[in-house]
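A look at the structure
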Amino acid sequence: MKVDVLLGLQWGDEGKGKIVDVLTPRYDVVARFQGGPNAGHTLEFNGEKYVLRSIPSGIFQGGKINMIGNGVVLDPLLFREEAESLAKSGHDIRKQLYISKKAHLILPTHRILDAAGEAAKGNAKIGTTGKGIGPAYTDKVSRNGLRVGDLLHRFDEKYAAVKRHHETILRGLDYDYDITALEAQWLEALEYLKQFRFIDSEHQIHRLLAEGKSILAEGAQGTMLDIDFGSYPFVTSSNTVCAGCCTGLGVPPRAIGEVYGIFKAYCTRVGSGPFPTELTDREGDEMCERGHEFGSVTGRRRRCGWIDLVALKYAVMINGVSKLIMMKSDVLDTFETIKACVAYRIDGREVTEFPYEIADTDLEPIWVELPGWQTDMSHMKDENEFPEEFNAYLFFLEEELDVPIQIVSVGSDRAQTILRYTETEKYAGIQ
């Protein structure tokens, strides 16, 4: 068996949670391989809405194993809030969820360091969520981190040492803080976390593969936020690309199967950073309002713009995407004209490859315009109902990206998902 990977191709918020939930019935295991509680995956079904921050999005499909991999950073306090919220709605996840011993913990002082670091940058801040994600990954790389498995091995001693180290840094930043209440709540949440099963996840993944189990690896954020390949420095602190699955779960490259790449029919971005196709006019406002473009975790308004095929082609290439999934198609239902950026004009030159620097350059998008479909697609159940203009948009994107679009989402609910077919196969391989 192979591990199939599902990840975002833009600046995050593409709708990964919904699609993981849709695809989960064909898998035995769903595993998160990177990111932290700054990544909210929203799911809607049966009239209910759920936001998952650390728990894999396969948790609602009964009997499936869900795994938090070693590449994830976990905040016990936010994890408890998330798990207890699910329990109140009738989803007790303790029997379904496994947590890697090698996953790093987000400490109370990581949150404070996050806030202190952003304050010190002033106008140069990158717009973090303030959840302590960056400082936790910094400690991981600098070999100062605490891991879930440390709860079983001299934890008090290790925690005290890391806390002293952080307090030294905070004194140097001259940052005023009070950790007392936050730390007390965090320590209580650690006891709650101990109810769950801690595993050597890399061994478990390989055992499951040897048993012939099917595994879906769930990514967080999006390719353009990758620490190496994203729009640096306005990126997250982990590898959001397909290669992050190998390091975030202990999966060898030869074990990777299908790579599902998810993108919106347009483009959004949260926080600071370059955004070549951003709209700051009425059309951008309309996208935001129709798409309900506000962060599921932070509540921050997302910046909106037309689709950027230069960045999207780059993401497809980096990840080796084999199947595309287009989200929020219905958001564009009212637009008379649909635009797509097919190249950049930088300092008078036309550029079709995603460049090293897009923030401090004279960059102008080069557009292709297509007619809008101006039809309400939210009630459609089959691709045969698609308007001619929408099909033209799909075919245009497939030709540009050289990968088939196999699933189209026309609304936020699980049921508002349309599978496209070829003559030889059902694209998504699911009923």
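Shown above is the structure to which this text applies.
A short tour of the structure in this document, coming up. Quick caveat, the model's predicted, so the values are computed rather than measured. Going along each chain's sequence as written, the residues are numbered from 1 onward. A pLDDT threshold of at least 70 governs which residues receive local features in this predicted model, and a stricter bar of 80 or more applies before side-chain atom pairs are shown or counted, although totals over entire chains, interfaces and linings include all residues. Note: side-chain values were computed over all heavy atoms of the structure, leaving out hydrogens and water.

With that settled, consider the environment of T42. Segments assigned H or I by DSSP are reported as helices when at least four residues long, segments assigned E as strands when at least two residues long, and all are numbered from the N terminus. Relative to the helices and strands, T42 is located in strand β3 (residues 41-45). When the C-alpha atoms of T42 and D114 are compared, they prove to be 25 Å apart, with 72 residues separating the residues in sequence.

Bringing the packing of helix α10 (residues 309-319) against helix α11 (residues 388-401) into the picture now. Axis definition: a line fitted to C-alpha atoms, limited for helices to the stretch in contact. Angles are taken between N-to-C directions and run from 0 to 180 degrees. Look at α10 against α11: their axes get within 10 Å of each other, and the N-to-C directions meet at 55°. Compared by their axis directions, α10 and α11 come out oblique. Of the two elements, α10 crosses α11, and the hand of that crossing is right-handed. Within the contact between the two elements, α10 uses L309, L312, K313 and V316 and α11 uses F396, L397, E400 and L401. Orientation is classified from the angle alone, with under 35 degrees giving roughly parallel, over 145 giving roughly antiparallel, 65 to 115 giving roughly perpendicular, and any other angle giving oblique. The handedness criterion is simple: a crossing whose near helix is rotated anticlockwise from the far helix by less than a right angle is left-handed, and one whose near helix is rotated clockwise is right-handed. Whether two residues are in contact is decided by their heavy atoms: any pair within 4.5 Å suffices.

Two numbers describe how helix α2 (residues 76-88) lies on helix α6 (residues 180-193): the axes approach to 8 Å, and their chain directions differ by 60°. Classified by the angle their axes make, α2 and α6 are oblique. Read as a crossing pair, α2 and α6 show a hand that is left-handed. Contacts between α2 and α6 involve P76, L77, F79, R80, A83 and E84 from the first element and L182, Q185, W186, E188, A189, L190, Y192 and L193 from the second. In this classification, the charged set is Asp, Glu, Lys and Arg, the nonpolar set is Ala, Val, Leu, Ile, Met, Phe, Trp, Tyr, Cys and Pro, and all remaining amino acids, among them Gly, are polar. Partitioning the contact of α2 with α6 into residue classes produces ten nonpolar, one polar and three charged.

Note on ring pairs: Phe, Tyr and Trp rings are taken, using the six-membered ring of Trp, and paired if centres are within 6.5 Å. Classes follow the plane angle, with under 30 degrees stacked, over 60 edge-to-face and the rest tilted. What the rule picks out here adds up to eleven aromatic pairs. Aromatic side chains F155 and Y159 sit 5.9 Å apart centroid to centroid with 5° between the ring planes, which places their arrangement in the stacked category. Here F155 and its partner Y159 are both found in helix α5 (residues 155-173), four residues apart, which amounts to about one turn of the helix. In this structure, F155 and Y159 share a single accessibility class: buried. When the ring of W306 is compared with that of F335, the centres are 5.4 Å apart and the planes differ by 75°; the resulting orientation is edge-to-face. Taken together, the residues W306 in the loop between β13 (303-305) and β14 (307-308) and F335 in the loop between β15 (323-327) and β16 (337-346) connect sequence positions 29 residues apart. F335 gets classed as buried once you look at its relative accessible area, which sits at 4%. Through a chain of ring-to-ring contacts, three or more aromatic side chains come together here, namely W373, F386, F390 and Y393. Over the aromatic face of Y98 sits the side chain of R197, whose NZ or CZ is 4.4 Å from the ring centroid. Here the guanidinium or amino end of K339 rests over the ring plane of W367, the centre of that ring lying 5.8 Å away. Exposed residues in this analysis have more than 50% of their type's maximum accessible area, buried residues have under 20%, and partly exposed residues fall in between, with area computed by a 1.4 Å probe over protein chains only. Criterion for a charge above a ring: Arg CZ or Lys NZ at most 6 Å from the ring centre, at most 35 degrees from the ring normal.

Right, let's get into the sheet that holds strand β2 (residues 29-32). Between any two strands, at least two bridges found by DSSP are needed for them to pair. Here we have ten strands laid out as an open sheet, ordered β9-β7-β5-β2-β10-β1-β11-β15-β19-β20, and mixed in their pairing. Looking at which strands have only one partner, the edges of the open sheet turn out to be β9 (197-199) and β20 (417-419). Going across the sheet, the axis of each strand differs from the next one's by a mean of 25°, ignoring polarity. Where strand β5 (residues 65-68) and strand β7 (residues 97-100) come together, three bridges link them in parallel fashion. Note on β7: the bridge partner recorded for N66 is L97. Most of the contacts of helix α1 (residues 16-23) go to strand β1 (residues 3-8), to which it runs at about 155°, and overall it touches β1, β2, β10 (215-218), β11 (256-264), β15, β19 (405-409) and β20.

Okay, helix α9 (residues 282-290) next. All of the buried residues in α9 are G284, E286, M287 and C288. Along its buried surface, α9 packs onto β13. At the N-terminal boundary of α9, the capping side chain belongs to D281, with an oxygen 3.2 Å from the backbone nitrogen of E283. Within two residues after α9, H292 carries a phi angle of roughly 50°, on the positive side. Definition of a polar contact: a pair of N or O atoms within 3.5 Å, with one able to donate and the other able to accept a hydrogen when the atoms are protein atoms, and with sequence-neighbouring residues admitted only if both atoms are side-chain atoms.

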